[in-house]
Amino acid sequence: AVGEVRPVHQFGRDLVVFRGEDGAARVLDAYCPHLGAHLGVGGKVVGNEIQCPFHGWRWDGAGTCTDVPYAKKIPALARIGTWPTREQNGYVMVWHHAEGKLPEFEVPVIPEASDPSYYKYKRVRWELPTHIQEMYENAVDIQHFAHVHGMQIERVNWDGEGAIATLVLDLKRDAAVQTNAEGETSFRSFMYGPGLSLTRVTGKMHGVSIQTLTPIDDELCEVVHTYYAQRSEPATQAELEGFFDFYASDWELDFKLWSEKIYRPQPLLAENDGDVGRFRRWYKQFYSTDLGIDRF
């Protein structure tokens, strides 16, 4: 809400998120450079700035100190770390780069998030002891769809271009809460960099899931799903719950495996395992260091 301040821990960092009186969300490093107070714990929004709860220093969204209430001169080095921020697709998103580089791509607008013919049905959140790459790699792991999820794959295609990857998955399964009368379901997924993905699901009805994958610390990540349904969908509440809950339960089957597995830099692959090598070559663009992935 306007005037709200919230502490957030992500990327192994403590941050503060606040919304100014102009309605814009801003994200800064959490700790005041003066004597280290956490701006997200007791900090106050003043206009479009945040005021430190310890000594009243004020900081704008660009990380500049604008006021020291008891001093005539603001120290020349009074700066605080800022995070490039976009608010769209139902989220406040920040750009994280290990070397502090500016954004290298933009996330497309997802129309269903603001289309009045859709409404936000539910948002769910999990924390997992895993790495966000594991979740995306799942998309090219063809054989796990049958073994873990009981899917009969009719068609699958994964392709990555630039910072965006796409997945087309058509399948049959014994799941009346999700499939159409012929037992068919289709997934069309788009991965926008390593942190945001969109899945459009058709079967018993049409649903949209926007997923965020965010590192909290090393080997601990946050997964958030926001589900959208069409207002014109002739579904009962029970059918909606069954459709989206079944989609979430598919992910939860993988959670149990991701939480316990290890990462194999050079996996022993068999015929028809899926294009793990091509996926990893696409994904390596999001790292700052060479992971030796080109050996695939």
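See the structure shown above.
Novice: Outline the pattern of salt bridges, listing residues and values.
Specialist: Applying the stated criterion across every chain yields a total of 18 salt bridges. A salt bridge links Arg125 to Glu127; its shortest N-O distance comes to 2.8 Å. Judged by relative accessible area, which is 47%, Arg125 ranks as partly exposed. Among the charged side chains, a salt-bridge network with shared partners connects Arg125, Glu127 and Glu222.

Novice: I'd like a description of unusual backbone geometry, backed by residues and values.
Specialist: The backbone of Asn89 shows a phi angle near 60°, a positive value even though the residue is not glycine. Relative to the assigned elements, Asn89 resides in the loop between strand S8 (85–88) and strand S9 (91–94). Overall, Asn89 belongs to the buried group, its relative accessible area being 5%.

Novice: Tell me about the nonpolar core, and please be specific about residues and values.
Specialist: Membership of the largest hydrophobic core comes to 36 residues, with the highest contact counts inside it found for Met135, Trp158, Val223, Trp251 and Trp282. Among the secondary structure elements, those contributing two or more residues to this core are strand S10 (118–128), helix H1 (132–137), strand S12 (164–172), strand S13 (184–192), strand S16 (220–230), helix H3 (237–258) and helix H4 (276–283). A per-element tally of this core places H3 first, with 8 residues. In this structure, Val223 is in contact with Val124, Arg125, Trp126, Leu128, Met135, Thr212, Leu213 and Trp251, ignoring residues within four places of it in sequence. Counting residues in each nonpolar core, the second largest holds 16 residues, with Ala37, Val45, Val68 and Ile80 among its members.

Parameters and conventions
Residues numbered from 1 in each chain as written. Predicted model: local features only at pLDDT ≥ 70, side-chain atom pairs only at ≥ 80, totals over all residues. Heavy atoms only, no water. Salt bridge = Lys/Arg side-chain N within 4 Å of Asp/Glu carboxyl O. Buried < 20%, exposed > 50% of the residue type's maximum accessible area, 1.4 Å probe, protein only. Helix = DSSP H or I, 4+ residues; strand = E, 2+ residues; numbered from the N terminus. Core = buried A, V, L, I, M, F, W, Y, C linked by side-chain atoms within 4.5 Å. Contact = heavy atoms within 4.5 Å.

None of this, on its own, says anything about what the molecule does.
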